[in-house]
Protein chains: 2
Amino acid sequence: MSNTPDTDNAVRAYVDSHRAAFLAELSEWLRIPSVSADPARADDVRRSAQWLRDHLAATGFPVAEIWDTPGAPAVFAEWPSGDPDALTVLVYGHHDVQPADREDGWRTDPFEPVIEDGRLYARGAADDKGQVLFHTLGIRAHLSATGRGAPAVNLKLLIEGEEESGSPHFPELIRAHADRLACDTVIVSDTGMWSEDTPTVCTGMRGLVDCQIDLHGPGQDIHSGSFGGAVPNPATEAARLAAALHDADRKVAIPGFYDGVVELTDRERALFAELPFDEADWLRTAHSRATLGEAGYSTLERIWARPTAEVNGIGGGYQGPGGKTIVPSAAQLKLSFRLVAGQDVEKVQAAVRDWVAAQLPAGIRHEITYWGATRPCLTPLDHPALQSVVRAMGRAFGQEIRFTREGGSGPAADLQDVLGAPVLFLGISVPSDGWHAPNEKVELGLLMKGAETAAHLWDDLAENGRE
Amino acid sequence: MSNTPDTDNAVRAYVDSHRAAFLAELSEWLRIPSVSADPARADDVRRSAQWLRDHLAATGFPVAEIWDTPGAPAVFAEWPSGDPDALTVLVYGHHDVQPADREDGWRTDPFEPVIEDGRLYARGAADDKGQVLFHTLGIRAHLSATGRGAPAVNLKLLIEGEEESGSPHFPELIRAHADRLACDTVIVSDTGMWSEDTPTVCTGMRGLVDCQIDLHGPGQDIHSGSFGGAVPNPATEAARLAAALHDADRKVAIPGFYDGVVELTDRERALFAELPFDEADWLRTAHSRATLGEAGYSTLERIWARPTAEVNGIGGGYQGPGGKTIVPSAAQLKLSFRLVAGQDVEKVQAAVRDWVAAQLPAGIRHEITYWGATRPCLTPLDHPALQSVVRAMGRAFGQEIRFTREGGSGPAADLQDVLGAPVLFLGISVPSDGWHAPNEKVELGLLMKGAETAAHLWDDLAENGRE
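Residues numbered from 1 in each chain as written. Chains lettered and ligands numbered in written order. Predicted model: local features only at pLDDT ≥ 70, side-chain atom pairs only at ≥ 80, totals over all residues. Heavy atoms only, no water.

Per an unreviewed UniProt entry, chain A goes by the name Peptidase and belongs to Streptomyces antimycoticus.

Right under this line is the structure:
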């Protein structure tokens, strides 16, 4: 078997010697502003897919294709092992990125990567282009260190282009291509780990339902002195809706919202509690001054294992300088709900819909628009393939690997459902990377450990990864 | 005495024959976009003051001056009666206007007056340039019809330039000039009446406190999956504040808010109830689909005689197209409170300040900015000068004059306090005029009745107006 110090050294040497070229390639990709939420960036998202397809072909994947969807294109690549009995692994990631404007607080152009103090700053550096691309360095290190002509597993990659827009066409895409995507194990590289010092494997992701609620009151803005206090005000009603999302214990107050929630086990709570959590550090990463959340749960439990409701945006009436004494004609609320295992996306959407309708007074019209939905997912701690990931990371990091969950959301559960394969997570991003925020970055040291882990993983999975 | 059919006919003939010239002058004034809330319009507000001063001098006022303030200038004019025992009357109005943009829903340029179907459309047509200017036509009709060389009362005009910005320097201005403003009676022409068919005299105005509350949470927008549900969200807190403004009965829930409120008497409630109120008509004027307000009060009582809290604007987080899964870093709330007689502006401001501080969780910083404040005011129904106004209107309209109050706010109470004179209201605007809204207009027929009323009023006050 190839789990030897020699192999480890060979992998590390390969990764180190190809680091500069790898970073140049990643930077080239990061310069393409593949913002899937912005219709004006559709061509950039396509350019990003083309860049990745060409890069995968150049890496050696015999198959590298663009898969069109009604929205943004995905990229599929395949590299058969040559061994008819080999395990098949599908790596999932995404090549689209969150919106980013220099004015949001970026110190440098979000689409002009800058390397500084061992970090690479750019939109998508950690979420998710960096974590997709370490796999191409990893597979080359795997082949070089083991002397193989093809990977130890049948390796497939599916890199979608709409993850930051809620993956609206992803379930359809994987259903349509289920045959070609067939696999024994899914590796999702779109998550983080605890910290640079405490490498961890993620065992689950929360799901996501998000929506916009538009409220309409008076047909136009009206004088607050002449009419205020006697007609419903849509800004007030938007506020009352947002306020009614949580009860006094900050539990979500929508009837039925918690139906089916898989509660934390005592063992999971104990494992979470063992992590070196420092509230002051965490608050710095969160750019926040205090914690606040569901009563009866720790901060880690709140962000990893509890469903939440969040106001992403609210707007209505006059927002310019000074005052304007009006009852506004309309208001808008953007809400997102994080879901945990056991919650059903459609049932949550229906519960929100019923709750909104029940809250609003006569005279306020409303519409709800759902932006798409992502199911929650959870991997058993004792799964053999999860143990392979833990060993591969252990070799790369030289440390004990602990367990976390991911508070964010990805289409992992869809892969699990459609392909019938367990979903594992291999991510090297850390909380300070600033996903979705200005000045997103990735730690270069961790990016290289990610490539090493990917280089070790295929041999271990080939030997031990079957259930 | 001059209360004769001959005088009435002479006044009407004068007003009719000068109508076209008057409308041309008013249109010239309305073309000056004197938006006091917009610092970029400061020169226009000054031009508006200059235009009015010149117009008053041309009308015959021996004194016509611009009075500077730290903000926008006011205009003062004086026309002594010549009779040493004559009553002194001060007319109050304002020459600044609300903001208006074509894009807000105006069918025509808000600063290019259009006359159509007996109406004049322009920002300020009714609020308040039209109602200021009918006095100049009125005084000329008064002199022409009575053959006088000077008005029957010592006539003073004070037309301020910051009413739509909450009159921040008005109390200071009138205190500084209290000697020159000294009077027996104040006539405020900045209110409305019931309808074209039901002329009314207003007996009180609500006061106004308005403010902006800025809430700060995370130092930047953060990922709702990584941090949401575990830190305070300023958009949620802004919504909770706005929602907590009212209890389930839509009473204002701020402790101390109702302290001192002068409750409606049975007689006032009966007079209100006699007015031909048609809820469907009123809702059309309010561009609204339903009434909603403080339990236990009628719509008229809610807008005229009850204090209210209104959300004029709310904003925070992502408001662009689609979704963005963030916890926003900041949110903002613009609130206004209408006050009734007995409420104290400073006490309400302090109550709001205390209440806001008590509502917010740890981790949310906030600032409150007050935009200025206007005190409420109420005139006794049996005041002799009020009876003069009722008679003068009765001659102009040929109908019984009923009583209303005004839900809006003006600096009437400051005049009452500083000058020690009772405040009366002479306004001819109707609810459909669209104050503060797109397509503001004034009914030309009512504008002429206003001029006639002003022409009759000075004789009646001279004879009967003393307490």
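Caption draft 1: Representation of the overall build of chain A. The secondary structure content of chain A amounts to 14 helices and 18 strands. Taken against the 2.2 N^0.38 rule, which gives 23 Å for 467 residues, the C-alpha radius of gyration of chain A at 23 Å falls within 12% of a compact globule. Over its C-alpha atoms, taken along the principal directions, chain A stretches across nearly 80 × 50 × 45 Å. Counting over 467 residues, chain A shows a buried share of 63%. Counting only contacts in chain A whose residues sit at least 6 apart along the sequence, the fraction spanning at least 24 positions is 80%. Total accessible area on chain A stands at roughly 15900 Å², and carbon and sulfur atoms take up 47% of it. When the 41 positive and 68 negative side-chain charges of chain A are each reduced to one mean point, those points stand 2 Å apart. (Helix = DSSP H or I, 4+ residues; strand = E, 2+ residues; numbered from the N terminus. Rg over C-alpha atoms; globule rule 2.2 N^0.38 Å. Buried < 20%, exposed > 50% of the residue type's maximum accessible area, 1.4 Å probe, protein only. Contact = heavy atoms within 4.5 Å. Areas by Shrake-Rupley, 256 points an atom, 1.4 Å probe, with all protein chains shown as cover. Lys, Arg positive; Asp, Glu negative; His and termini not counted. Charge placed at Lys NZ, Arg CZ, Asp CG, Glu CD.)

Caption draft 2: Structural detail: the sheet that holds strand β13 (residues 330–339) of chain B. Ordered in space as β14(A)-β9(A)-β13(A)-β11(A)-β11(B)-β13(B)-β9(B)-β14(B), the 8 strands form an open sheet in which the pairing is antiparallel. Strands with a single pairing partner mark the edges of an open sheet, and in this sheet they are β14 (365–374) of chain A together with β14 (365–374) of chain B. Taken pair by pair, the neighbouring strands of this sheet meet at an average axis angle of 20 degrees, ignoring direction. Pairing of strand β11 (residues 308–317) of chain B with β13 of chain B, which is carried by 8 bridges, proceeds in the antiparallel orientation. Among the inter-strand pairings, glutamate 310 of chain B is bridged to a residue of β13 of chain B, identified as serine 336 of chain B. Packed onto the sheet, helix α7 (residues 234–244) of chain A meets β9 (207–216), β11 (308–317) and β13 (330–339) of chain A together with β11 of chain B and runs at close to 10 degrees relative to β13 of chain A. Helix α7 (residues 234–244) of chain B rests against β11 of chain A together with β9 (207–216), β11 and β13 of chain B of the sheet, and its axis sits at about 10 degrees to β13 of chain B. (Pairing = 2+ DSSP bridges. Axes fitted to C-alpha atoms, helices over the stretch in contact; angles between N-to-C directions.)

Caption draft 3: Seen up close, the relation of the copies chain A and chain B. Screw-axis analysis of chain A against chain B gives a translation of 0.0 Å along the axis, an RMSD of 0.1 Å, and a rotation angle of 180 degrees. In symmetry terms, the pair is related by a two-fold rotation axis. Comparing contact sets, 100% of the residues at the interface of chain A also lie at the interface in chain B, consistent with an isologous, same-surface contact. (Least-squares fit on C-alpha atoms with pLDDT ≥ 70 in both.)

Caption draft 4: Expanded view of the packing of helix α12 (residues 384–397) of chain A against helix α14 (residues 444–464) of chain A. All names here are of chain A. Viewed as axis vectors pointing N to C, α12 and α14 meet at an angle of 135 degrees, and their least axial separation amounts to 7 Å. In terms of axis orientation, α12 runs oblique to α14. Relative to α14, α12 is oriented so that their crossing is right-handed. For the pair α12 and α14, contact is made by Pro384, Ala385, Ser388, Val389, Arg391, Ala392, Met393, Arg395, Ala396 and Phe397 and by Leu446, Lys449, Glu452, Thr453, His456, Leu457, Asp460, Leu461 and Asn464, respectively. Residue composition of the contact of α12 with α14, grouped by class: 10 nonpolar, 4 polar and 5 charged. (Parallel < 35°, antiparallel > 145°, perpendicular 65-115°, else oblique. Left-handed = near helix turned anticlockwise from the far one by under 90°. Nonpolar A, V, L, I, M, F, W, Y, C, P; charged D, E, K, R; others polar.)

Caption draft 5: Region of the structure containing unusual backbone geometry. With omega at 10 degrees, the peptide bond leading from aspartate 127 of chain A into aspartate 128 of chain A counts as cis. Along the chain, aspartate 128 of chain A falls in the loop between β5 (119–121) and α4 (129–146). Positioned with a positive phi, histidine 436 of chain A is a non-glycine residue whose angle comes to about 65 degrees. Examined against the element boundaries, histidine 436 of chain A turns out to sit in the loop between β17 (423–425) and β18 (441–443). Phi at arginine 250 of chain B takes a positive value of approximately 60 degrees, unusual for a residue other than glycine. Inspection of the secondary structure assignment puts arginine 250 of chain B in the loop between α7 and α8 (266–274).

Caption draft 6: Region of the structure containing the packing of aromatic side chains. Evaluation of the coordinates by the stated rule reveals 22 aromatic pairs over all chains. Each ring, one from phenylalanine 277 of chain B and one from tryptophan 282 of chain B, has its centre 6.3 Å from the other, and the planes form 50 degrees; the classification is tilted. Note on tryptophan 282 of chain B: relative accessible area 9%, which makes it buried. Through successive ring pairs, a cluster of aromatic residues spans Trp194, Phe272, Phe277, Trp282 and Trp304 of chain A together with Phe227 of chain B. Positioned over the ring face of tyrosine 258 of chain A is lysine 251 of chain A, at 5.9 Å from the centre of the ring. (Phe/Tyr/Trp six-rings, centres within 6.5 Å; stacked < 30°, edge-to-face > 60°. Lys NZ or Arg CZ within 6 Å of the ring centre and 35° of its normal.)

Caption draft 7: Representation of the UniProt feature "domain: Peptidase M20 dimerisation" (unreviewed entry) in chain A within the structure. Cross-referencing UniProt, the feature "domain: Peptidase M20 dimerisation" (unreviewed entry) maps to residues 204–362 of chain A in the present numbering. With 30% helix and 23% strand, the stretch residues 204–362 of chain A has end C-alpha atoms that lie 42 Å from each other. (UniProt positions renumbered as here; feature names shortened; annotations may be inferred.)

Caption draft 8: Focus on the state of the cysteines. Residues and elements named next belong to chain B. Enumeration according to the criterion identifies 0 disulfides over all chains in this entry. Not part of a disulfide, cysteine 183 finds its nearest cysteine sulfur in cysteine 377, a span of 13 Å. Residue cysteine 377 is classed as buried on the basis of its relative accessible area of 5%. (Disulfide = S-S within 2.5 Å.)

Caption draft 9: Looking closely at the interface of chain A and chain B. Contact residues are listed per partner, giving 86 residues for chain A and 86 residues for chain B. Buried area between chain A and chain B, both sides added, is near 6900 Å², and the carbon and sulfur share of it is 51%. Sorting the residues of chain A by area buried against chain B places Arg240, Arg289 and Ile314 of chain A first, and these three jointly supply 9% of that buried surface. For arginine 250 of chain A, the salt bridge goes to glutamate 237 of chain B, with nearest N and O atoms at 2.7 Å. In this assembly, chain A and chain B are joined by 41 residue pairs in polar contact (both at pLDDT 80 or more). With 9 residues, β11 of chain A is the single largest residue contributor to the side of chain A that touches chain B. Of the residues assigned to the side of chain A that touches chain B, the class counts are 31 nonpolar, 38 polar and 17 charged. As paired strands, β11 of chain A and β11 of chain B are joined by 5 bridges and run antiparallel to one another. If you follow glycine 317 of chain A over to β11 of chain B, its bridge partner there is glycine 313 of chain B. (Buried area = accessible area lost by both parts, 1.4 Å probe. Salt bridge = Lys/Arg side-chain N within 4 Å of Asp/Glu carboxyl O. Polar contact = N/O pair within 3.5 Å; in protein donor to acceptor, adjacent residues only side chain to side chain.)

Caption draft 10: Quick peek at the sheet that holds β18 of chain A. All names here are of chain A. Strand order in the open sheet formed by 3 strands is β4-β5-β18, and the pairing between neighbours is antiparallel. Across the chains shown, the open sheet's two edge strands, defined by having one partner strand only, are β4 (114–116) and β18. Taken over all neighbouring pairs, the strand axes of this sheet differ in orientation by 20 degrees on average, direction set aside. Both β4 and β5 contribute to a ladder of 3 bridges, which runs antiparallel. Across the sheet, residue glutamate 116 finds its bridge partner in β5, namely arginine 119. Along the sheet, α14 contacts β4, β5 and β18; its crossing angle with β18, the most-contacted strand, is approximately 65 degrees.

Caption draft 11: Spotlight on helix α2 (residues 19–30) of chain B. Residues and elements named next belong to chain B. In this model, α2 (12 residues) spans 16 Å end to end at C-alpha, consistent with the 16 Å of a helix rising 1.5 Å per residue. Phe22, Leu23, Leu26, Ser27, Trp29 and Leu30 are the residues of α2 that are buried. Looking straight down α2, one finds its buried side chains confined to an arc of 160 degrees; they lie on one side. Lining the buried residues of α2 we find α3 (42–59), β4 (114–116), β5 (119–121), α4 (129–146) and α14 (444–464). (Expected span 1.5 Å × (residues − 1). Arc of directions from axis to C-beta.)

Caption draft 12: Geometry of the domain arrangement of chain A. Residues and elements named next belong to chain A. One can read the domain layout of chain A as domain 1 (5–205 + 376–464) and domain 2 (207–261 + 307–374). Its C-alpha centre places domain 1 at a distance of 36 Å from the equivalent point of domain 2. Between domain 1 and domain 2, the residue contacts involve 10 residues of the former and 11 residues of the latter. Carbon and sulfur atoms make up 57% of the surface buried where domain 1 meets domain 2, a total of about 760 Å² over both sides. (Domains from an automatic or database assignment.)

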